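Close look at the chain arrangement
Okay, here's what each chain looks like letter by letter:
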Amino acid sequence: MQVTVEIYRQDAETGASRFDTFIREVDPKDRVLDVMMEIKDQDDGSIAFRKSCGHGVCGSDAMMINGINRLACQTLIQDLKGSLIRIEPLKGLKVLRDLIVDMDPFLASLQKVTPYFIPKTTAPVREQKQSIAERQIFDDTTKCIMCGACTSSCPSYWSNGEYLGPATFVKAHRFIFDSRDGGDAERIEALDDRDGLWRCHSIFNCTDACPRDIKITQAISELKRYIVARR
Amino acid sequence: MEMLSHDILIVGGGGAGLRAAIAVAETDPALNVAVVSKVYPMRSHTVSAEGGAAAVVRPDDSFEDHAYDTISGGDWLPDQDAVEAFVNEAPRELVQMEHWGCPWSREPDGSVAVRPFGGMKIERTWYASDKTGFHMLHTLFQTSLKYDPIQRYDEWFVTKLLVDDGRCQGVVAIELATGRIRGISAKAVIICTGGCGKVFPFTTNANIKNGDGMSLAYRAGVPLKDMEFIQYHPTGLPFTGILITEATRSEGGYLLNKDGYRYLQDYDLGTPQPQPVLRSMELGPRDRLSQAFVKEQEKGRTLKGPYGDYVNLDIRHLGEKVINSKIPFVRELCLKYENIDPVTDLIPVRPVVHYMMGGIHTDIHGATPMEGLFAAGEAACVSINGANRLGSNSLTELLVFGARVGRAAAEYASGRNGGGRAVAAQAADEEERIERQYRRGGSRSGGEKMADIRQRMHDAMESGAGIYRSAESLAQAAQEISTLQDRIQRLALDDSSQTFNTELVAAVELTYMLDVAETIIHSAIQRTESRGSHQRTDYPERDDDAYLTHSLALRQPGGAPAIEYQPVTITKWPPGERIYGR
Ligand SMILES: Cc1cc2nc3c(=O)[nH]c(=O)nc-3n(C[C@H](O)[C@H](O)[C@H](O)COP(=O)(O)OP(=O)(O)OC[C@H]3O[C@@H](n4cnc5c(N)ncnc54)[C@H](O)[C@@H]3O)c2cc1C
Ligand code: FES
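Residues numbered from 1 in each chain as written. Chains lettered and ligands numbered in written order. Predicted model: local features only at pLDDT ≥ 70, side-chain atom pairs only at ≥ 80, totals over all residues. Heavy atoms only, no water.

Moving on: the overall build of chain A. Broken down by element type, chain A carries 8 helices and 7 strands. Dimensions of chain A, computed from C-alpha atoms along their principal axes, come out at roughly 60 × 35 × 30 Å. Residue burial in chain A is summarised as follows: out of 231 residues, 61% are buried. By sequence separation, contacts in chain A at least 24 residues apart represent 64% of the contacts at least 6 residues apart. Carbon and sulfur atoms form 51% of the exposed surface of chain A, whose accessible area is close to 9,400 Å². In chain A, the 32 positive side-chain charges and the 34 negative ones have mean positions that sit 5 Å from each other. (Helix = DSSP H or I, 4+ residues; strand = E, 2+ residues; numbered from the N terminus. Buried < 20%, exposed > 50% of the residue type's maximum accessible area, 1.4 Å probe, protein only. Contact = heavy atoms within 4.5 Å. Areas by Shrake-Rupley, 256 points an atom, 1.4 Å probe, with all protein chains shown as cover. Lys, Arg positive; Asp, Glu negative; His and termini not counted. Charge placed at Lys NZ, Arg CZ, Asp CG, Glu CD.)

Okay, structure coming up:
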């Protein structure tokens, strides 16, 4: 089938932006990423975007496709209604060039919730025990691929770049609800803050945007309840 | 040129690179260690590994058994001293991962769960659902954040090793965000750049797996070992090459030909049983399974699809509950990319290039023959994988040899001086080379098109150096690659920007891939026997008298590599027959 692909272009040096249009013959099972690579190969080698795994686990290629944040490698042509494909960078993060946004502030925000495991007890010689049920409690939030699709879809983040944002809450949830972890105190201090959890208005954009289908809004409300209960 | 400087520089932020960085920081906190990676570490290809990581854990298992499975799986090409070190240290490393928070799947009693895997005699593959590599990589990345001495250069792309006085003393890298080219000097450099599947057209490997580090080392005069051994995974999705993990077969999946027949029984892999049997049938080693596919194809017993011939993987009998709990990602991938549901449908699969057994020649500590240069992970060849890697040994290898190389490099670097003035001059030359060759390149009208060269390389490798090879097919491929080596000198590029010039990166990567392709082909030409994944139609037998040896490909100025040989280290297990299913 034939598709028309409009790709957002932004010159790094001048900041000037435009859309370039390409018409291509594609297989409905093609990934949008395949089509972009084909355009880059055949039509214009200067289009800049990130990519790595090609099947939705590395988090490189979150972008706005037909107005929705998604991974280009996880979006098939047949998933898109119609034959017009409009590709834009994520919102709310600074565009460095074309589809590449500055991920540093996003990653810096994750740092604020001490995003590594802090053991509750000194580790035994063998593994620490954890029941299947305990492992299940934080299963959903271990799935975050740090692509930025959630945070950059959040109106609260757009209006205030200091806001920790949903991805950071997901990371905090992954550790706080891990039965083996004992680092709650430091994490909660960051979460229970003006720019923390309470700025979330349960708009659900993040949950809709997550390419790994993490129930982000639910994780956030679990965190809120946990904090309130500890007070 | 003004140089950046570190004690130890690690190229690569995948599983091997991050494990090495942590080992350096733990060995000597006074050392300042940096990780350079062309993508953010969590985008590294380790993230894609699904099935699991092997280490002896059950009381009825033993190091001897893990070693024997690995050595026979590798068709007696692994170095047995390396394998022994590997199996001994494997459990400690995986427990360490647990202590760093890795969310391993659990048994009902709360201990870490294990599953069977191909070519393994007993259940010893630890897993975290079917996203094991993802969870390991994120755990390592998170843990690395705890160590202040570990600095990162994310999205920096290395183009050259700096070598002076026979010693590796740093690298040259492009900061992708600004296009600035910088020399980074170091007392020791560790290459952890992963594999090179993208040399082939149909692969499970990420777009970033271009053999960068292998080529960098090769250009610096370090030999590449056992490059003829390429693993085809028997079960990739036909259109995309996306991997359907071996865990589908360890949970009990069947491979069926067009008549619905479990064809592996015809290839000396045992007799079919309803339940999975270890070291038998679908749980045989990958080389044998991929070869069986080609034989079935020749007999006209595979199916024809729009994206090539295929066979079916049947997991319907496992039921929705097992599929959802043990291999949910398989279901997700099938639904997403093939629009089929493995709960009710057969999964079409065919062999796909997956893993590079060969790599940069190192000893058991990860040291290369060049002073100051180390390597680990898929980029390196220790070798524990020999002629065919067993599934789930690789993730463990990243940890065991990542940790070893970190310790060895730390020891080497302590009390040594960094790079001198000579390397700064080399770095300036490299800057000039990049500018001249790629930034001030010709126009479209004059030069060669990158996509063309890549396509031709892919065709040459697939038809010349695939699952079965011959002197003739390899000679043709060699001819083509040598032409392409010439053509790539005259590349035309569209992009002249300094910021995220991804076209420039792709062009340099293509030069890396051509080097790697050349070593694969020439190592394969010289090995006139069939062993593991290297199958010569003109030399169908294994020849231990002549080839119980590792090949070493050494770069020669302006041409094909010279191939030398080094004997395999045998400790306890003399070469024997590979027996599966009987
Ligand atoms: C789909 C898939 C599934 C797999 N499943 C399993 C499994 O279940 N069990 C198992 O044991 N093994 C599995 N493997 C194999 C295993 O995942 C890999 O061998 C392993 O992850 C490689 O890790 P690494 O650290 O060596 O390299 P990678 O994780 O590939 O990392 C390479 C790093 O090097 C960096 N780099 C490369 N070139 C440059 C450059 N020029 N400049 C700067 N940085 C550079 C990259 O940015 C990256 O950070 C699987 C492989 C695939 C493809
Ligand atoms: S390329 Fe890895 S998530 Fe899309």
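Resuming the write-up.
The next thing to look at is the sheet that holds strand S2 (residues 17–25) of chain A. Whenever strands of a sheet pair, they do so through backbone hydrogen bonds, lying parallel or antiparallel. All names here are of chain A. Read across the sheet, 5 strands follow the order S2-S1-S5-S3-S4 without closing on themselves; strand pairing throughout is mixed. Only two strands of the sheet have a single neighbouring strand rather than two, namely S2 and strand S4 (68–71). Across the sheet, the mean angle separating the axes of adjacent strands is 30° when strand polarity is ignored. Summarising the sheet, strand S3 (residues 62–65) and strand S5 (residues 84–88) pair through 2 bridges and their orientation is antiparallel. Bridging across to S5, Met 64 finds its partner in Glu 88. Running at roughly 100° to S2, helix H1 (residues 32–42) makes contact with strand S1 (2–10), S2, S3 and S5 of the sheet. (Pairing = 2+ DSSP bridges. Axes fitted to C-alpha atoms, helices over the stretch in contact; angles between N-to-C directions.)

Residues and elements named next belong to chain B. For ligand 1, the set of nearby residues contains 39 residues, the closest of which are Ser 44, His 45, Thr 46, Glu 378 and Leu 395. Within the backbone of Gly 52, an N or O atom sits 2.8 Å from a nitrogen atom of ligand 1. At 2.6 Å, a side-chain N or O of Glu 378 approaches an oxygen atom of ligand 1. For ligand 1, whose free accessible area comes to 1,000 Å², the fraction covered by protein is 99%. At the level of secondary structure, the elements contributing two or more residues to the shell around ligand 1 comprise helix H1 (15–27), strand S2 (33–37), strand S7 (156–164), strand S15 (347–356) and helix H10 (393–413). With 4 residues, the single largest contributor to the shell around ligand 1 is H10. Here the residues of the shell around ligand 1 sort into 13 nonpolar, 20 polar and 6 charged. (Near = heavy atom within 4 Å. Polar contact = N/O pair within 3.5 Å; in protein donor to acceptor, adjacent residues only side chain to side chain. Nonpolar A, V, L, I, M, F, W, Y, C, P; charged D, E, K, R; others polar.)

Let us look at the packing of helix H13 (residues 471–487) of chain B against helix H14 (residues 502–526) of chain B. Residue and element names in this part refer to chain B. At a minimum axis distance of 10 Å, the contact between H13 and H14 shows a crossing angle of 155°. By the criterion of interaxial angle, the relationship of H13 to H14 is roughly antiparallel. As for the relative orientation of H13 and H14, their crossing is left-handed in sense. Packed against H13, whose contacting residues are Leu 474, Ala 475, Ala 477, Ala 478, Ile 481, Ser 482, Leu 484 and Gln 485, the element H14 presents Leu 514, Asp 515, Ala 517, Glu 518, Ile 521, His 522, Ala 524 and Ile 525 at the interface. (Parallel < 35°, antiparallel > 145°, perpendicular 65-115°, else oblique. Left-handed = near helix turned anticlockwise from the far one by under 90°.)

Our focus in this paragraph is the interface of chain A and chain B. Tallying the contact residues gives 67 residues for chain A and 59 residues for chain B. Summed over both sides, the interface of chain A with chain B buries roughly 5,100 Å², with 50% coming from carbon and sulfur. When residues of chain A are sorted by the area they lose upon contact with chain B, A:Lys29, A:His55 and A:Glu127 head the list and together hold 12% of the total. For the pair chain A and chain B, the interface holds 7 salt bridges. One salt bridge in this structure joins B:Glu338 and A:Lys29, with 3.1 Å as the shortest N-O distance. Taken together, the connections running from chain A to chain B amount to 33 residue pairs in polar contact (both at pLDDT 80 or more). Elements supplying a minimum of two residues to the side of chain A that touches chain B: H1, strand S6 (95–97), helix H2 (104–111), helix H3 (132–137) and helix H5 (166–176) of chain A. With 5 residues, the top contributor of residues to the side of chain A that touches chain B is H1(A). When its residues are assigned to classes, the side of chain A that touches chain B shows 28 nonpolar, 15 polar and 24 charged. (Buried area = accessible area lost by both parts, 1.4 Å probe. Salt bridge = Lys/Arg side-chain N within 4 Å of Asp/Glu carboxyl O.)

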